[in-house]
Structures are given as structure tokens and as C-alpha cells.
Amino acid sequence: MKHATAVTIESIGSFVPQRRVTNDQLAEFVDTSDQWIRSHTGIGARHLAEDTTATSDLAVQAALDAIERSDLTKEDIDGIIVATATPDYVGFPSTACIIQDKLGLNGIAALDVVAGCTGFIYGLEVARGMILGGTMHHVLVIGAEKLSSIVNWKDRNTCVLFGDGAGCAILSASGSADERRGIKQTILYADGSGADCLIVPRGGSKAPLQGVTVAAEDVTIAMEGRKVYNFAVAKLAETIRTLMEDNDLTIDDVDRIIPHQANSRIIQAAANRLKIPMEKFFVNIEDYANTSAASIPIALKNLEDQKGLKKGDRIIIVGFGAGLTSGGSLLVW
Ligand code: UT7
């Protein structure tokens, strides 16, 4: 195959676990309320995986969904990139390798990308680079999380925010006929000085678990909510503005913006800053809560199911999260 000149999203798939837990159900075991969670975040419920389910299990279902919704067969796939903050195993093997084996695609390249909730955007860009470089032609880019496995269920500040799920985009090489479509531009950003703001403190090489007695708060999500909130609003607004300016677009030229679903107030605040009507933003946080690297592909799939995505639509996707990281892409669907 000759070198690709463009990279398109061939299809999108997703999977969320069946078990749906409402805010009222959470309030039965933690000191919170439906009213507080809705008014501070927009979240109404989250889907939680069973104890025996791993991130790779969610990812495999999303990948099969994406393959089924494409014109490709499983055998056409020659790369798997997985963005996750909740890998099946710490360190190695990568979750991508586990998924590859479960899909029966042994032999093709597989790797994980770690960029917090921005992981899906980073993953898309890694895949795009590899496709344009000629290393791969059809790549599964998966955002998958079992955040329930790293949530401290006694910490009301964080446990109400997160959910489990997976989304998968198939990125494909395309020739000149399709150049109008595809990923037009990506912006990536990271500021490691904010690493402590959103962190799982123990379990890595800095603070290994071996030989120590650990408390739940050592191995679960710790977040400085306000700092992350302020970063998120600023970066969401800046990334959207830059993508529009760099491509000579006004908001009327953009069909839809799909932000990472962390908090509907973050989206509202960025919309106010940019003077963009809230209707431009696709928001599905009410049903899924924050699924980190999975939230953008799950939202894309939801939007497609609602017939909200047409060929040729200009879409901006934008993420932010642990690292601290942020990023966004302009897509022509
Ligand atoms: O995806 C990765 C990126 N993550 C994010 O983007 C999250 C960013 N941060 C946020 O979305 C918000 O900061 C939160 C939703 C986490 C918190 O909202 P907030 O408006 O910043 O609330 P707060 O932290 O200022 O807390 C206000 C009050 C506190 O009570 P006091 O100290 O004022 O008496 C909290 O203890 O709300 C209390 N509170 C709760 N009350 C009931 C915190 N969590 C809860 C809860 N239920 N679940």
C-alpha cells in the first residue's frame, strides 16, 4: 500500500457495563445526595463493572463494536493503541497486549498510552503518526477504564465522580480521494508541575506496595478538585479557540464540540468564556459520569447513534486531566 496522505476515523464503538448505579444508590453508603452531585457536576448515574471484569474486557467489547460498525474485518487491523489509567496490570504487560490476545489478533503491534483523561486524544495522535509513517494502516484506538477499581468508596469528594466504560475508534490510512475527511489538526499539552493534583499516590516505583501495609487512600484517586477544575476550564477554552483560529473557523463553521465529560459546570464555564452556546457541546455525563480516557469515544458513539454525526461534519474533540494534560483535535467526519 502506498503511503497514506490522510487519516480518517473509519468507525466508532463503545461498551459500558450493565450495572447502573444512581446518585441515590450511592447516597445509601456515602454522605452525599442526588441534589449535590447533580448541581455540582451534572452527573445522574454511572455504570460500574463487576469485580471479575477487567479494563481489557470492557475494551474488547468496544473494539468488537467498532469493527462490526466498519467495512473492515478483524484481520485488517494491524495495530492496537490503548489509553487507560486503569491497566489490567501495573507496569507490564500492557493492557493492549491483553486485548490483542483476547481479540485473537496475535502478532500485530500493541501498546498503551498514559495521559490521564486526555489519553484518547494522545492515542489518536500516536496512531495518526504511525499511519502517516507507514507503520500501520488500520489501528484500534481504545480509551478504556475501570475507574471503580481505583476509587476510594469512602471519599465523597471523588467517588461520586467516576464511572467505568470503553470506547474505540478505528483509524485508517486513506489516499487523496478522502483527504477532505479525517484528523486535520491536533494540539497536545502537558504540565507535570500539576502532577500531584490528580494522583494515585502508591503502587508505582516511587512508593511500592511490597512490604508495607497500605490504607485505601494510598492506592486510590486523590484529587485537588478546585485546581483541576480551574486548569480544565482554562485549557478547554484555549484548545477550542486555538483550533478554530489555526483553521480560520468561526463557531458557525464547527458542527459539534465533544469535550471530555468530567463535569458539566466545566463545560458551561468554558462555553461562557468563549461565548459559544451550550448547544454546540455534546454532553452525556448525566448517564455515564467521568469515564476518563473512555469518555470522548463513548460520547462520539452516542452522538452517532443519535444521528448527530454526518459525513463532512466539522467536529472538535477536547480533553484534559491527570498529568496535568490537555489536548484537542479538529476532525472532519
Ligand atoms: O477528569 C479528570 C479531571 N477532573 C476534573 O475535571 C474534576 C475537576 N473538579 C471538579 O469538577 C470539582 O472541583 C468537584 C466536582 C470535584 C467539586 O466541586 P466544587 O464545587 O469545587 O466543590 P468543593 O470541592 O469546593 O466542595 C464544596 C463542599 C465541601 O464542603 P464544605 O467544606 O464547603 O463544607 C465538600 O466537603 O461540598 C462538599 N462535598 C460534597 N457534599 C456532598 C464534596 N463532595 C461532596 C459530595 N456530596 N459528593
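Criteria and thresholds
Residues numbered from 1 in each chain as written. Predicted model: local features only at pLDDT ≥ 70, side-chain atom pairs only at ≥ 80, totals over all residues. Heavy atoms only, no water. Patch = residues over 30% accessible without salt bridge, like charges linked within 9 Å, V, L, I, M, F, W, Y side chains within 5 Å. Areas by Shrake-Rupley, 256 points an atom, 1.4 Å probe, with all protein chains shown as cover. Salt bridge = Lys/Arg side-chain N within 4 Å of Asp/Glu carboxyl O. Helix = DSSP H or I, 4+ residues; strand = E, 2+ residues; numbered from the N terminus. Buried < 20%, exposed > 50% of the residue type's maximum accessible area, 1.4 Å probe, protein only. Pairing = 2+ DSSP bridges. Core = buried A, V, L, I, M, F, W, Y, C linked by side-chain atoms within 4.5 Å. Domains from an automatic or database assignment. Contact = heavy atoms within 4.5 Å. 1 Å grid on protein atoms, 1.4 Å probe; cavity = no way out; pocket = protein on both sides within 12 Å on 5 of 7 lines; lining within 4 Å. Points joined across faces, edges and corners; volume = space filled by probe spheres on them. Nonpolar A, V, L, I, M, F, W, Y, C, P; charged D, E, K, R; others polar. Axes fitted to C-alpha atoms, helices over the stretch in contact; angles between N-to-C directions.

We now examine a nonpolar patch on the surface. On the surface, a cluster of nonpolar side chains totalling about 200 Å² of accessible area is made up of Leu 209, Val 212 and Val 214. Relative to the helices and strands, Val 212 resides in the loop between strand E9 (198-199) and strand E10 (222-223). Judged by its relative accessible area of 39%, Val 212 is partly exposed.

Let's shift gears to the pairing of strand E13 (residues 325-332). Along E13, eight of the eight residues are buried, which leaves the element largely enclosed by surrounding structure. Alternating positions in E13 separate into two faces, Thr 325, Gly 327, Ser 329 and Leu 331 on one and Ser 326, Gly 328, Leu 330 and Val 332 on the other, with burial throughout. Where strand E8 (residues 182-190) meets E13, eight bridges bridge the pair, whose relative direction is antiparallel. Its bridge partner being in E13, Ile 187 is matched across the sheet by Gly 328. Where strand E12 (residues 314-321) lies against E13, eight bridges are found, and the strand directions are antiparallel.

With that settled, the discussion passes to the nonpolar core. Ranked by internal contacts, the top residues of the largest apolar core, which has 46 residues, are Leu 236, Ile 240, Met 244, Ile 257, Ile 266, Ile 276 and Ile 316. Taken together, the elements giving at least two residues each to this core come down to helix H7 (225-246), helix H8 (264-274) and E12. By residue number, the principal contributor to this core is H7, which donates 10 residues. Two domains each provide a minimum of three residues to this core, namely domain 1 (6-178) and domain 2 (182-332). Not counting chain neighbours up to four residues away, the residues in contact with Ile 240 comprise Ile 257, Leu 274, Ile 276, Phe 281, Ile 316 and Val 318.

Let us now look at the environment of Ile 37. Structurally, the position occupied by Ile 37 is in helix H2 (residues 34-41). The spatial distance from the C-alpha of Ile 37 to the C-alpha of Val 318 is 23 Å, given a sequence separation of 281 residues. When residues no more than four places from it in sequence are discounted, the contact partners of Ile 37 are Asn 23, Thr 32, Gly 42, Ile 43, Arg 46 and Val 160.

The next subject is empty space enclosed by the protein. All chains considered together, the criterion is met by two cavities of 30 Å³ or more. If you add up the space inside the largest cavity, you get close to 50 Å³. In terms of lining residues, the largest cavity is bounded by Thr 8, Ile 9, Arg 181, Gly 182, Ile 183, Leu 331, Val 332 and Trp 333. Those elements giving two or more residues to the lining of the largest cavity turn out to be strand E1 (6-15), E8 and E13. The class makeup of the residues in the lining of the largest cavity is five nonpolar, two polar and one charged. Empty space within the second largest cavity amounts to approximately 30 Å³. If you trace the second largest cavity, you find it lined by Gln 261, Asn 284, Tyr 288, Ala 289, Thr 291, Ser 295 and Ile 298. Class assignment for the residues of the lining of the second largest cavity results in three nonpolar, four polar and no charged.

Reading across from one edge, E8-E13-E12-E11 is the order of the four strands in this open sheet, with mixed pairing throughout. Since the sheet does not close on itself, it has two edges, and those belong to E8 and strand E11 (256-259), each with one partner. The mean angle between the axes of side-by-side strands here comes to 15°, regardless of whether they run parallel or antiparallel. Sheet strands in contact with H7 are E8, E11, E12 and E13, and its direction is about 150° off that of E12. Contacts from helix H10 (residues 295-305) reach E11 and E12, with the element oriented near 145° to E11.

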